[in-house]
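# Commentary on secondary and tertiary structure
Given next are the chains, with one letter for each unit.
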Amino acid sequence: MRTVKVPLAERSYPIRIGAELIAELGKQCAQLRLGKRCAVISDANVSRRYRKRTLDSLKNAGFEPIFISQNAGEKSKTLKNVQACYEQLAKHRLERGSFLVALGGGVVGDLGGFVAATYLRGIDFVQVPTTLLAQVDSSVGGKVGVNLPAGKNLVGAFYQPKLVLCDLDTLRTLPTREFRAGLAEVIKYGIIYDAKLFARLERELPKLLKYDTTTMATVIARCCQIKAEVVGQDEKENGLRAILNFGHTIGHGLEAISRYGKYLHGEAISIGQVATAKISHAVSGLPATHVTRMKTLFSQASLPTQVKLTAAQTRNLFAAMKLDKKVKGGKIQFVLAKEIGRVVIGQTVTDKVIRQSLLD
Ligand SMILES: NC(=O)c1ccc[n+]([C@@H]2O[C@H](COP(=O)([O-])OP(=O)(O)OC[C@H]3O[C@@H](n4cnc5c(N)ncnc54)[C@H](O)[C@@H]3O)[C@@H](O)[C@H]2O)c1
Ligand SMILES: [Zn+2]
């Protein structure tokens, strides 16, 4: 088992990474002296596979868990479901000293975390992320929340968990397409922060694609460490944390214009990162060889690197990008790469350069 610490003074917490960790959940929670009564929130796909293991682990350590399962998918990240969870917690008399475990992907983590942040003005929270995206990204950093009909993640909080437990074995049951989508965030960490990680991925991607436990543990731990370092320096996204958005301006735009139906998030940001690499070559001096290495690595992970848009779709894409939270004074702010492993934030780019990056 590896441990990565998220350094946030009195709110610091450990991320534990390893095989068969769900079996350790109860023991780990006991070490933190969490309250006896607890609730596990999950979704239908994850419950089917991991409900019993999770409940057994908690019960064996003396806890009294209840289990709440949602429908799977982004559509469940609503205030209505938040309310349904509150009602279950109240019905089973969970108290200030009780805690909540989010067992699932980013949807369950964001929703469960928001419930934990707000029920009785906040109860202890433990994340057990079961998708690659959740293990390297959404479970680290404390952003929790739900969607509104007007847009994604419009209601939320910063709320740090007490513990994150990444059980590598859960990734084996994840649909291949979801696993590959998670790799787009993994590759992103190499680009924005760590040239050595990027080079390791170039060498060891085949091992990752075979779920080699040692390689997965090393890579996931490094990603968590990078996100922890970034969040540790900028918890509330005032500056540095923006580097995590590399490729996301275009990626989010593509997700929005396809109404979140065509691409998984990781697929959209794979296209977004390749386009942003081309913009970086034109604007911030990223060498052409680095653009090629990035494109090659995303392709090797079977992720899309290009998009064919009609003139109308391109117009919609620009409109969507200009609605993004990162726009300042009507200008889209980009994170651009200078080389693999180093990026700069707050870069404005002309529409012409953006359009060009989407063409070839
Ligand atoms: N809070 C943050 O900082 C942050 C960061 C990035 C993304 N997010 C959020 O995360 C969400 C996306 O997360 P996601 O990609 O994990 O999606 P998800 O939670 O919808 O999971 C993807 C699919 O995989 C299934 N699944 C999960 N684990 C499984 C397993 N081990 N075996 C089999 N099936 C499994 C789920 O039921 C679902 O169908 C979005 O809502 C996004 O806004 C939040
Ligand atoms: Zn992302």
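Scroll up to find the structure this text is about.
The paragraphs below set out a description of the structure included in this document. (Residues numbered from 1 in each chain as written. Chains lettered and ligands numbered in written order. Predicted model: local features only at pLDDT ≥ 70, side-chain atom pairs only at ≥ 80, totals over all residues. Heavy atoms only, no water.)

### Points about the site of ligand 1
The test is simple: Here a residue is considered near a molecule or strand provided that any single heavy atom belonging to it is located within 4 Å of it. Polar contacts, as used here, are pairs of N or O atoms within 3.5 Å; protein pairs need one atom able to donate a hydrogen and one able to accept it. Residues neighboring in sequence count only if both atoms are side-chain atoms. Each accessible area is a Shrake-Rupley estimate made with a 1.4 Å probe; only the visible protein chains count as cover when residues are assessed. Helix numbering and strand numbering both begin at the N terminus, where a helix is a DSSP run of H or I of at least 4 residues and a strand a DSSP run of E of at least 2. Asp, Glu, Lys and Arg are counted as charged, while Ala, Val, Leu, Ile, Met, Phe, Trp, Tyr, Cys and Pro are counted as nonpolar; the rest, among them Gly, fall into the polar class.
Around ligand 1, a shell composed of 26 residues is seen, among which Asp43, Glu74, Gly106, Thr131 and Thr173 lie nearest. One nitrogen or oxygen atom from the side chain of threonine 130 is found 2.8 Å from a nitrogen atom belonging to ligand 1. For ligand 1, whose unbound accessible area comes to 860 Å², protein coverage reaches 87%. Elements that contribute at least two residues to the shell around ligand 1 include exactly helix 2 (44-60), helix 4 (106-118), helix 5 (132-138) and strand 8 (151-158). The dominant element in the shell around ligand 1, judged by the number of residues it contributes, is helix 2, at four residues. In terms of residue class, the shell around ligand 1 is made up of seven nonpolar, nine polar and 10 charged.

### Some remarks on the environment of glutamine 70
For the record, the criterion: Here the term buried applies to any residue with accessible area under 20% of the maximum for its type, exposed to any over 50%, and partly exposed to those in between, with areas from a 1.4 Å probe on protein chains only. Throughout, a residue-residue contact means that at least one pair of heavy atoms, one from each residue, lies within 4.5 Å.
Structurally, glutamine 70 can be placed in strand 4 (residues 64-70). Judged by relative accessible area, which is 9%, glutamine 70 ranks as buried. Remark: the alpha-carbon pair of glutamine 70 and serine 47, spanning 23 residues in sequence, is separated by 9.2 Å. Residues contacting glutamine 70, with those up to four places away along its chain left out, are Ile41, Ser42, Asp43, Ala44, Ser76, Asn81, Cys85 and Leu111. Among the polar contacts made by the side chain of glutamine 70, one reaches the side chain of asparagine 81 at a distance of 3.0 Å.

### Focus on the coordination of the zinc ion (ligand 2)
Operational definition: Sites may look incomplete because water is not among the atoms; the donors themselves are N, O and S atoms within 2.8 Å of the metal, or within 3.2 Å for Na, K and Ca.
The zinc ion (ligand 2) binds to the protein through Glu185 (OE), His248 (NE2) and His265 (NE2), with metal-donor distances spanning 1.9 to 2.1 Å. Between consecutive donor residues of the zinc ion (ligand 2), the sequence gaps follow E-x62-H-x16-H. With histidine 248 in helix 9 (residues 248-257) and histidine 265 in helix 10 (residues 265-283), this pair connects stretches of sequence that are 17 residues apart. Classification of histidine 248 by relative accessible area gives buried; the value is 6%. On the accessibility criterion, histidine 265 (22% relative accessible area) is partly exposed.

### A few points about the pattern of salt bridges
Put simply, the rule reads: Salt bridges are identified by distance alone: a Lys or Arg side-chain nitrogen within 4 Å of an Asp or Glu carboxyl oxygen.
Counted according to the given criterion, the structure contains 18 salt bridges. We note a salt bridge from arginine 177 to glutamate 267, for which the minimum N-O separation is 2.7 Å. Here the residue arginine 177 occupies a position in helix 6 (residues 176-193), and glutamate 267 occupies one in helix 10, the gap between them amounting to 90 residues. Its relative accessible area of 11% is what places glutamate 267 among the buried residues. Each member of the salt-bridge network shares a partner with another, and the members are Glu74, Lys77, Asp110 and Lys152.

### Quick look at the packing of aromatic side chains
We apply this condition: For this analysis, a ring pair means two rings from Phe, Tyr or Trp (six-membered ring only for Trp) whose centres lie within 6.5 Å, classed as stacked if their planes differ by under 30 degrees, edge-to-face if by over 60, and tilted for the remaining angles. Counting as a charge over the ring demands two things of the Lys NZ or Arg CZ atom: a distance within 6 Å of the ring centre and an angle within 35 degrees of the ring normal.
Scanning the model with the defined rule gives three aromatic pairs in all. Ring centres of phenylalanine 63 and phenylalanine 99 lie 5.3 Å apart, and the angle between their planes is 80 degrees; this geometry places the pair in the edge-to-face category. With phenylalanine 63 in the loop between helix 2 and strand 4 and phenylalanine 99 in strand 5 (residues 99-104), this pair connects stretches of sequence that are 36 residues apart. Given the relative accessible area of 7%, phenylalanine 63 is considered buried. Lying over the aromatic face of phenylalanine 67, arginine 51 brings its terminal NZ or CZ to 4.6 Å of the ring centre. Across from the ring centre of phenylalanine 318, 4.9 Å away, lies the NZ or CZ of arginine 355, which sits over that ring.

### Some thoughts on the sheet that holds strand 5
Operational definition: By definition, two strands form a pair when at least two bridges between them are found by DSSP. Comment: axis = line fitted to C-alpha atoms, over the contacting stretch for helices; angle = value between 0 and 180 degrees taken between N-to-C directions.
Reading across the sheet, the seven strands line up as 1-2-9-6-5-3-4 and stay open at both edges, with mixed pairing between neighbours. Two strands in the sheet have a free side with no partner beyond their single neighbour: strand 1 (2-6) and strand 4. Strand-to-strand twist across the sheet, computed as the mean angle between neighbouring axes with direction ignored, equals 20 degrees. Both strand 2 (residues 13-18) and strand 9 (residues 163-167) contribute to a ladder of four bridges, which runs parallel. When the sheet's bridge partners are listed, isoleucine 17 is paired in strand 9 with cysteine 166. Where helix 3 (residues 79-91) meets the sheet, its contacts fall on strand 3 (37-43), strand 4 and strand 5, and the angle it forms with strand 4 comes to roughly 155 degrees.

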